[in-house]
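# Understanding the architecture of this molecule
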Amino acid sequence: MLIWIAILFALFMIGTFVMSISKGEDEQDKDVLSMRKRQSTTSLRELALKKKLETLLEDRVEVSKKYKIETNILQAGFKMTYGEYRILTIVMAIILPLISFIVMRSIYPLPVLAFIGFVLPSQFMDYLRNRRMLVIEKQVGSFIKLAIERYASHGDCSKSLRDTTDDFKGQEPMYSELKQMKVELDLGKPTTEVLRDMHRRIGNKYLLLFADFYEIASSLGTRDARTELLGEVFKQYRENQQHKSMLRKEIAGPKMEAYIMLGVIPLMMLYQTLSSVEYVEFMLHTTVGQIGLTGIMSVMVGAVWFINKKIGAPIE
């Protein structure tokens, strides 16, 4: 029954879309201006509906949780509000079970697939965030060092940050973040706030330490004293990197083994699919196969979560 409801709904939406296109073409010949006004009104209504849904979802969550999730999204390299992110998780939680039901015609995997679809965007964001933060961690030290050296020469922190931006041209993702920082400085935003905003976007604690030390250094009397205090940031960063390099060597083996074990599962399933015609039929259209496939997907999602949170996460 559900499959027929889904099919009828899809056909209704497609028919509505086709009729709106044909109607739009006829009226374009008659009155292009009126058609554009109507399209603009429709877009505004869709945008208003989307904003209303986002507001509804955001009002039901704690501010601290919303801030944390939006920060993680920024550190993954995306610009997305909490409402947009939550809409994405809900859509995935609907689409994944629907596709499964259409293919397998079984209700057994639906609850698990709904959960997997709901958490899938967060696992994807965590994976991209971890990779991005590891790259930035190698670049932020050079940024801090160059900014301090320029600050020591002319005593203008805002100018030293602007001048350092061009040194990272072609080195992503740091260059994009520095360009945004430069725009904010050009708009007159206080240097400390700009540094703290960039720390939120990239997640490196030494950038926050740089902002805090600069705020303290700006109240000191001499340029040498301010430069010496800011130099402590790079000194602590360098010492921390030496300790982390040892830890990375120790964790590199288990991390690689975890990725290999995770990758073996889909490879074995692909091999079975190519070598046996009955394998696909068994996994998709028998109760035992469907339950087994659901279990496999659950284990893989759990493994991805463990790797993202424990093994693959940046070392603190």
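Description of the structure in this document. Positions within a chain are numbered from 1, following the residues in the order the chain's sequence is written. Where local features are concerned, this predicted model is filtered to residues with pLDDT of at least 70; where side-chain atom pairs are given and counted, the filter is 80 or more; whole-chain, interface and lining totals use all residues. Side-chain calculation: all heavy atoms of the structure are included, whereas hydrogens and water are not.

## A closer look at the packing of aromatic side chains
Only Phe, Tyr and Trp rings are paired, with Trp represented by its six-membered ring, and only when their centres lie within 6.5 Å; those with planes under 30 degrees apart are stacked, over 60 edge-to-face, the remainder tilted. On inspection of all chains with the given rule, the structure shows four aromatic pairs. For the ring pair Tyr-151 and Tyr-214, a centre distance of 6.5 Å and an interplane angle of 85° mean the geometry is edge-to-face. Taken together, the residues Tyr-151 in helix H5 (residues 110–154) and Tyr-214 in helix H9 (residues 205–217) connect sequence positions 63 residues apart. Judged on exposure class, the residue Tyr-151 and its partner Tyr-214 are both buried. One aromatic cluster in this structure is built from Tyr-206, Phe-234 and Tyr-237. For helices the rule is a DSSP run of H or I covering at least 4 residues; for strands it is a run of E covering at least 2, with both sets numbered from the N terminus onward. Any residue under 20% of the maximum accessible area for its type is buried, any over 50% is exposed, and the rest in between are partly exposed; the area is computed with a 1.4 Å probe on protein chains only.

## Some words on helix H3 (residues 63–75)
For H3, which comprises 13 residues, the first-to-last C-alpha distance of 18 Å matches the rise-based estimate of 18 Å (1.5 Å per residue) to within 8%. Ile-69, Glu-70, Thr-71, Ile-73 and Gln-75 are the residues of H3 that are buried. Count one or two residues on from H3 and you reach Gly-77, which has phi positive near 100°. The span one expects for a helix is its residue count, reduced by one, times 1.5 Å.

## Side note on the packing of H5 against H9
Direction vectors running N to C along H5 and H9 enclose 20°, while the axes themselves pass 11 Å from each other. Classified by the angle between their axes, H5 and H9 sit roughly parallel to one another. Like other packed secondary-structure pairs, H5 and H9 cross with a definite hand, here right-handed. Judged by residue contacts, Phe-143, Ile-144, Ala-147, Ile-148 and Tyr-151 of H5 engage Tyr-206, Leu-207, Phe-210 and Tyr-214 from H9. In terms of residue class, the contact of H5 with H9 is made up of nine nonpolar, no polar and no charged. Every axis corresponds to a line fitted to the C-alpha atoms, with the helix fit spanning only the stretch in contact, and the corresponding angles, defined between N-to-C directions, vary from 0 to 180 degrees. Orientation labels follow simple angle bins: below 35 degrees gives roughly parallel, above 145 gives roughly antiparallel, 65 to 115 gives roughly perpendicular, and whatever is left gives oblique. By the definition used in this description, the sense in which the near helix is turned from the far one sets the handedness, with an anticlockwise turn below a right angle giving left-handed and a clockwise turn giving right-handed. Residue contacts follow a heavy-atom distance rule, with two residues in contact if any of their heavy atoms lie within 4.5 Å. When residues are grouped by polarity, Ala, Val, Leu, Ile, Met, Phe, Trp, Tyr, Cys and Pro land in nonpolar, Asp, Glu, Lys and Arg in charged, and all others, Gly among them, in polar.

## Here we look at the side chain of Gln-75
Mapped onto the elements of the fold, Gln-75 is located in helix H3. Of the residues examined, Gln-75 reaches a relative accessible area of 7% and is grouped as buried. Other than its neighbours up to four places away in sequence, Gln-75 contacts Arg-129, Arg-132, Met-133, His-199, Arg-200, Arg-201, Ile-202 and Gly-203.

## Some remarks on the pattern of salt bridges
Salt bridge, as applied in this entry: a Lys or Arg side-chain nitrogen positioned within 4 Å of an Asp or Glu carboxyl oxygen. Within this structure, the stated rule accounts for eleven salt bridges. We note a salt bridge from Glu-177 to Arg-201, for which the minimum N-O separation is 2.5 Å. Highlighted residues: Glu-177 in helix H7 (residues 174–186) and Arg-201 in helix H8 (residues 191–202), separated in sequence by 24 residues. For Arg-201, a relative accessible area of 6% corresponds to the buried category. Note that Arg-196 and Glu-215 form a salt bridge whose closest N and O atoms lie 2.9 Å from each other.

## Quick look at H5
In this model H5 runs 64 Å from its N-terminal to its C-terminal C-alpha over 45 residues, within 8% of the 66 Å that 1.5 Å per residue would give. A residue's bend is given by the angle between axes fitted to the 7 residues ending at it and the 7 residues starting at it. At Val-119, H5 shows its largest kink, close to 35°, and the proline Pro-121 lies no more than four residues downstream. Phi for Gly-155, located one or two positions after H5, is positive at around 75°.

## Some details on the nonpolar core
Nonpolar core, defined: a set of buried Ala, Val, Leu, Ile, Met, Phe, Trp, Tyr and Cys residues in which side-chain atoms within 4.5 Å join the residues together. By size, the foremost hydrophobic cluster in this structure holds 30 residues, and its most contacted members are Phe-143, Ile-144, Leu-161, Met-181, Phe-210 and Leu-230. Where this core is concerned, the elements lending two or more residues are H5, helix H6 (157–165), H7, H8, H9 and helix H10 (223–275).

## Brief notes about a negative patch on the surface
Patch definition: residues with relative accessible area over 30% and no salt bridge; like charges joined within 9 Å; nonpolar side chains (Val, Leu, Ile, Met, Phe, Trp, Tyr) joined within 5 Å. Accessible surface area values rest on a Shrake-Rupley calculation with a 1.4 Å probe, where residue burial reflects the displayed protein chains alone. Two residue types count as positive, namely Lys and Arg, and two as negative, namely Asp and Glu; His and chain ends fall outside the count. A single reference atom marks each charge: NZ on Lys, CZ on Arg, CG on Asp, CD on Glu. Taken together, the side chains of Asp-224, Glu-228, Glu-232 and Glu-239 make up a negatively charged region of the molecular surface. Mapped onto the secondary structure, Glu-232 falls in helix H10.

## With respect to the environment of Met-174
As for its placement among the helices and strands, Met-174 is situated in helix H7. Measuring from C-alpha to C-alpha, the distance between Met-174 and Glu-137 comes to 9.5 Å, with 37 residues separating the pair along the chain. If we skip the residues at most four places from it in the chain, Met-174 touches Ile-136, Gln-139, Val-140, Phe-143 and Phe-168.

## As for a nonpolar patch on the surface
A grouping of Val-91, Ile-95, Leu-98, Ile-99, Ile-102 and Val-103 is seen on the molecular surface, where their side chains present a nonpolar patch of about 460 Å² in accessible area. By secondary structure assignment, the location of Val-103 is in helix H4 (residues 82–104). We classify Val-103 as partly exposed; its relative accessible area is 42%.

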